[in-house]
Amino acid sequence: MTMRERIKEAAARYPDQRSAIMPALLIAQREHGHLPGQVLEEVADILGVERIWVYELATFYTLFHTEPVGMFHLQLCDNVSCMLCGAEDLLKHLETALAIRKGDTTPDGLFTLSSVECLGACEMAPVMQVGDDYHGALDI
């Protein structure tokens, strides 16, 4: 089944095509690895929705990537709770250990290091998301 067919099938479950944007983006990201502009436009066209609606969701949620990321995407929360519990030191440690800066990917394509505004897991601060998994109460 093509990406277009999978998106149409998913969209059929929603009374409003705008509600299908997130599932459609997940399908597109699985297909392409990330969501460059042309893919976002294709998703909007398939759903028949405004392109800005697709761009808004793709750039707001940390689970969507508009740029390529490594096999392991390390997303460190940099919100207040995590910062108070040592996220800044953890970020510096990760940058040193991986020999990259925040926002970069290792030359072998294995690791991308990002900081994100909030992962919604303050009780585990500092917290990092690796792929789809959360890891908390981290230290160096």
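It should be noted that the structure appears before, not after, this text.
Residues numbered from 1 in each chain as written. Predicted model: local features only at pLDDT ≥ 70, side-chain atom pairs only at ≥ 80, totals over all residues. Heavy atoms only, no water.

Asker: I keep staring at the packing of helix α1 (residues 3-11) against helix α2 (residues 21-32) and nothing clicks. Help me out?
Answerer: Geometry of a packed helix pair, given as the angle between the helix axes and the separation of the axes. Contact geometry of α1 with α2 gives a least axis separation of 9 Å together with a crossing angle of 160°. Judged on the interaxial angle alone, α2 and α1 are roughly antiparallel. As α1 packs across α2, the resulting crossing turns out to be right-handed. On α2, the residues touching M3, R6, I7 and A10 of α1 are P23, A24, I27, A28, E31 and H32. Within the contact of α1 with α2, the residues separate by chemical class into 7 nonpolar, 1 polar and 2 charged. (Axes fitted to C-alpha atoms, helices over the stretch in contact; angles between N-to-C directions. Helix = DSSP H or I, 4+ residues; strand = E, 2+ residues; numbered from the N terminus. Parallel < 35°, antiparallel > 145°, perpendicular 65-115°, else oblique. Left-handed = near helix turned anticlockwise from the far one by under 90°. Contact = heavy atoms within 4.5 Å. Nonpolar A, V, L, I, M, F, W, Y, C, P; charged D, E, K, R; others polar.)

Asker: Sorry if this is basic, but what is going on with a nonpolar patch on the surface here?
Answerer: Taken together, L26, F60, Y61 and L63 make up a surface patch of nonpolar side chains, about 360 Å² in accessible area. For F60, the location among the structural elements is in helix α4 (residues 51-60). Residue F60 is classed as exposed on the basis of its relative accessible area of 64%. (Patch = residues over 30% accessible without salt bridge, like charges linked within 9 Å, V, L, I, M, F, W, Y side chains within 5 Å. Areas by Shrake-Rupley, 256 points an atom, 1.4 Å probe, with all protein chains shown as cover. Salt bridge = Lys/Arg side-chain N within 4 Å of Asp/Glu carboxyl O. Buried < 20%, exposed > 50% of the residue type's maximum accessible area, 1.4 Å probe, protein only.)

Asker: Looking at this structure, how should I read the sheet that holds strand β3 (residues 128-130)?
Answerer: Backbone hydrogen bonds are what pair the strands of a sheet, in a parallel or an antiparallel way. As summarised here, the arrangement of the 4 strands in space is β2-β1-β3-β4, forming an open sheet in which the pairing is mixed. Of all the strands in the sheet, the pair left with one neighbour each is β2 (111-116) and β4 (133-135). When strand polarity is set aside, the average angle formed by the axes of neighbouring strands in this sheet is 25°. In this sheet, β4 lies alongside β3 in antiparallel orientation, the contact comprising 3 bridges. If you follow V130 over to β4, its bridge partner there is D133. Relative to strand β1 (residues 72-77), helix α6 (residues 87-98) is tilted by about 155°, and along the sheet it contacts β1, β2 and β3. (Pairing = 2+ DSSP bridges.)

Asker: Whenever I open this one, the nonpolar core confuses me. Can you help?
Answerer: Counting 21 residues, the largest nonpolar core has I7, L25, L35, V43, L47 and V54 as the members making the most contacts within it. For this core, the elements supplying multiple residues, two or more each, are α1, α2, α3 (37-47) and α4. With 6 residues, α3 is the single largest residue contributor to this core. Setting aside residues up to four positions removed in sequence, V54 forms contacts with I21, L25, L40, V43, A44 and V49. (Core = buried A, V, L, I, M, F, W, Y, C linked by side-chain atoms within 4.5 Å.)

Asker: Would you mind showing me how to read the packing of α1 against α3 here?
Answerer: At a minimum axis separation of 10 Å, α1 and α3 run at an interaxial angle of 50°. Classified by the angle their axes make, α1 and α3 are oblique. Here the hand of the crossing between α1 and α3 comes out right-handed. Residues M3, R4, I7, K8 and A11 of α1 touch α3, and the partners they reach there are E42, V43, I46 and L47. By residue class, the composition of the contact of α1 with α3 is 6 nonpolar, no polar and 3 charged.

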